[in-house]
Amino acid sequence: MNTRLLDDELVDSLSAFAALPEWLADGMDGALIGHLLDDLADGGLRVSACTPERLRAKGEEWLARYRVEVVDPEGERREVVLVGNLWPPAAGDPPVDEPGTDRAGFGEPGWRCWLPEVRLELRAQEHDEALPALPLLVEPEAAAGLLRRVLPAAGYDAAVVGCLPDVVRYKPGSRCTVVVHVDYETSNGGARPPSPVVLKTHQGDKGGTAWEAMSALWDRQQAWRGSVIMAEPLAFLPEERILVQGPVPERCTLKDLARRAFAAGEPLLTELRDELTKTARALSAVHDSGAVYGRTATLDQEITEIHEVIDRLAHTVPKLEGAGAALMARLSDVAATVPADPVVAAHHDFRPAQVLLHEGRVGFIDFDGAAMAEPALDVGRFRAKLRDIGISALAASGQPMTGPALDENLRLQDELCDHFLAAYQEHAQVSATRVLLWETCDLFTAMLHAWTKVRIARLEPRLVALRHRIATSGLATPRP
C-alpha cells in the first residue's frame, strides 16, 4: 500500500452498526407485543406475559418466535408458542386477508394474526418442524427404544430397562441436546454402557459432521487422552439426524469460570489462568492428533461469509450498505501477505463454553462444525470469545463503556488472551498474525450477531471490544 491506513478509518467504517433501527427493536419488546396480542385474544383470554425468544435474520427474512402465557376466565394459565415473520418497512405488507386473526381460537392450531403496528405476522406453532426427531429424544420410552437400537452396534450388550431424559439445551429450529440417565440390566461380562448418554439432533448435516470428527479423533486417542477428555461417539442415525454419544464430566464450563473471574478478580483470575494453560495444551494435542476430516475451512471463506451477511442485512437496513468495508479490505490485504500454517484437525467453533472443567482436567464438546483448518482459527476464535465474555461481564455490572473500569477490563482481556496464545505456542506452532486475523473476524461476526439475532444489549459492548482490538492490533500499519 502507498498510504498508511489510520486506525480511525478502520473504526469509522463500523459507525453504521452503532444502533439498530426502531422497527427491529420493537420486535424484541415483549411488553409491546404482549399488549398488541392481548387486544386480539378472544373467549375471555388474557395475555399475561410475552417473552421474545428469537428474532433472527434468515436470508432477507426476519424470523420471530415468542412464548406467550395466557389466562382463561377461570384463572387457568397455559403457554402458547407463536412464530412468524417481522416485515421490514420497505418490504410491503404480507399476503394476509386482513389485520387481525383468522377464525381459530387464540394460540390454537391454525391461528394466525397480523400486527400492523409492528409489522409482525404470527401463527401458532404446533411442533418444531426443523427438528422432527425431538419426540424420540425427550420421551422416556422412545429414548429407551432408540438406545436399544444403537448400543449393540457400539459394542455394548446390556439391556436398557429405563430412561430419564433431561433437555439441557434447546435452540428452536436449530438443535437440541438431551442428557439421558439410563438404567441397565447387568451385562453378560461385557463392557457396561455409559450413563448418562447424550442425544443430539440438529437441523441440516451438523450431526454428521460431528460424528465424522468424533470418530476420527476417537481412533487416535493415544494422541490426546492425557490432555483432554472427549465423548465416545456411539451412533449416528442420518435419516433421523440423531447423534448418540457418551458423556463428558463437568463441574462447570470455562465460560462460567471466566465470567466469574472477570467480575470478581482474584483468586478466580489465578484459577482462570491455570485452566487457560490446560486448555491451550489440550487444544494443541487435538490439533496434533493427525485426525483427518472431510471438510476444510479457510479465512477467505470466513471473510466472504461476513461480506454476505452485511449484504443481506443491507437489503432490509439500507444504511449498512458498504459498512465495515475498510476493515474487511484490510483483513484481506494482511491475509494475502502472511501465509497460513498447515491445516490441522480443528474444532472450528472453539470457545470457552465448549470447554468443560472437572477435577483438574478439561473436556471438549460440540464438534458439529469440525473442519480441517489452520490452527489460528481455533486459537483466534477462542480469544475473541474470551474478550466477549470479559466485555459482557463489564456490561452486566452496570459500569459504563468508558472510563477506568473499561480500561481495566480491556487490559485484562489483552493479558488473558496473550496468556492463552503463549501457552498454546509452548506446544505447537501458530502464526500470531493469523490468530489476529481470525480473532478480529470473529469479533466482527459477534457484533453482526447482535444485529442478525437482535441482541440489543450486546451491541455496544461488542462494538467496544472490536474497536479496541483494531486500535491495539497494528492492523492499520501496512505490512511489507
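An account of the accompanying structure is given in this report. This structure is a prediction, so every number in the text was calculated from the model and none was measured.

1. As for the overall build of the chain
Secondary structure assignment for the chain yields 15 helices and 17 strands. The globule rule puts the C-alpha radius of gyration for 480 residues at 23 Å, and the 24 Å found for the chain is close to it. C-alpha atoms of the chain, sized along the principal axes, occupy 70 × 70 × 40 Å. Counting only residues that meet the buried cut, the chain has 53% of its 480 residues in that class.

2. Here we look at a nonpolar patch on the surface
Where nonpolar side chains cluster on the molecular surface, the patch consists of Val138, Val167 and Tyr170 and spans about 220 Å² of accessible area. Looking at the secondary structure, you find Val138 in helix H4 (residues 134–138). Val138 sits in the partly exposed class, given a relative accessible area of 34%.

3. Quick notes on the packing of aromatic side chains
Scanning the model with the defined rule gives eight aromatic pairs in all. An angle of 25° between the planes, with centres 5.2 Å apart, marks the rings of Phe350 and Phe382 as stacked. Taken together, the residues span a long stretch of sequence, with Phe350 in the loop between strand E14 (344–346) and strand E15 (355–358) and Phe382 in helix H12 (residues 376–396) at a distance of 32 residues. Here Phe382 and Phe420 contribute two aromatic rings whose centre-to-centre distance is 4.2 Å and whose plane-to-plane angle is 20°, an arrangement assigned as stacked. Taken together, the residues Phe382 in helix H12 and Phe420 in helix H13 (residues 404–425) connect sequence positions 38 residues apart. Of the two residues, Phe382 and Phe420, neither departs from the other in class, the shared state being buried. Joined through ring pairs, the aromatic side chains of Phe350, Phe364, Phe382 and Phe420 make up one cluster.

4. Observations regarding the environment of Tyr424
With respect to the helices and strands, Tyr424 occurs in helix H13. Owing to a relative accessible area of 1%, Tyr424 belongs among the buried residues under this scheme. Distance from Tyr424 to Leu276, taken between C-alpha atoms, is 9.3 Å for residues 148 residues apart in sequence. Filtering out sequence-adjacent residues up to four positions away, Tyr424 remains in contact with Ala280, Leu283, Ser284, His287, Pro375, Val379, Gln429 and Val430.

5. Digging into unusual backbone geometry
Phi is mostly negative for residues that are not glycine, and the peptide bonds are mostly trans. Residues Ser195 and Pro196 are joined by a peptide bond in cis, for which omega reads 5°. Positionally, Pro196 belongs in the loop between strand E8 (175–184) and strand E9 (197–202). Here Asp366, not a glycine, exhibits a phi torsion of approximately 65°, which is positive. With respect to the helices and strands, Asp366 occurs in the loop between strand E16 (361–364) and strand E17 (371–373). The backbone phi angle of Val454 is positive, close to 50°, even though this residue is not glycine. Considering the arrangement of structural elements, one finds Val454 in the loop between helix H14 (432–452) and helix H15 (456–473).

6. Focus on empty space enclosed by the protein
Taking a probe equal in size to a water molecule and rolling it over the atoms shows the remaining empty space. Counted according to the given criterion, the structure contains one cavity of 30 Å³ or more. Estimated volume of the largest cavity: approximately 100 Å³. In terms of lining residues, the largest cavity is bounded by 16 residues, among which Met214, Ala231, Gln245, Phe364 and Phe367 are the most central. Those elements giving two or more residues to the lining of the largest cavity turn out to be E9, helix H6 (206–218) and strand E12 (242–245).

7. With respect to a negative patch on the surface
On the surface, Glu305, Glu308, Asp311 and Glu321 cluster together to form a negatively charged patch. Within the fold, Asp311 resides in helix H10 (residues 299–316). The partly exposed category is assigned to Asp311, whose relative accessible area is 42%.

8. Side note on the layout of surface pockets
By volume, the second largest pocket amounts to about 200 Å³. Surrounding the second largest pocket, Phe262, Ala263, Ala393, Leu394, Ser397, Gln399, Ala405, Glu408, Asn409 and Leu412 form its lining. Of all the secondary-structure elements, those providing two or more residues to the lining of the second largest pocket are helix H8 (254–264), H12 and H13. In terms of residues, the lining of the second largest pocket owes the most to one element, H13, which gives four residues. In terms of residue class, the lining of the second largest pocket is built from six nonpolar, three polar and one charged.

Cut-offs used in this document
Residues numbered from 1 in each chain as written. Predicted model: local features only at pLDDT ≥ 70, side-chain atom pairs only at ≥ 80, totals over all residues. Heavy atoms only, no water. Helix = DSSP H or I, 4+ residues; strand = E, 2+ residues; numbered from the N terminus. Rg over C-alpha atoms; globule rule 2.2 N^0.38 Å. Buried < 20%, exposed > 50% of the residue type's maximum accessible area, 1.4 Å probe, protein only. Patch = residues over 30% accessible without salt bridge, like charges linked within 9 Å, V, L, I, M, F, W, Y side chains within 5 Å. Areas by Shrake-Rupley, 256 points an atom, 1.4 Å probe, with all protein chains shown as cover. Salt bridge = Lys/Arg side-chain N within 4 Å of Asp/Glu carboxyl O. Phe/Tyr/Trp six-rings, centres within 6.5 Å; stacked < 30°, edge-to-face > 60°. Contact = heavy atoms within 4.5 Å. 1 Å grid on protein atoms, 1.4 Å probe; cavity = no way out; pocket = protein on both sides within 12 Å on 5 of 7 lines; lining within 4 Å. Points joined across faces, edges and corners; volume = space filled by probe spheres on them. Lys, Arg positive; Asp, Glu negative; His and termini not counted. Charge placed at Lys NZ, Arg CZ, Asp CG, Glu CD. Nonpolar A, V, L, I, M, F, W, Y, C, P; charged D, E, K, R; others polar.

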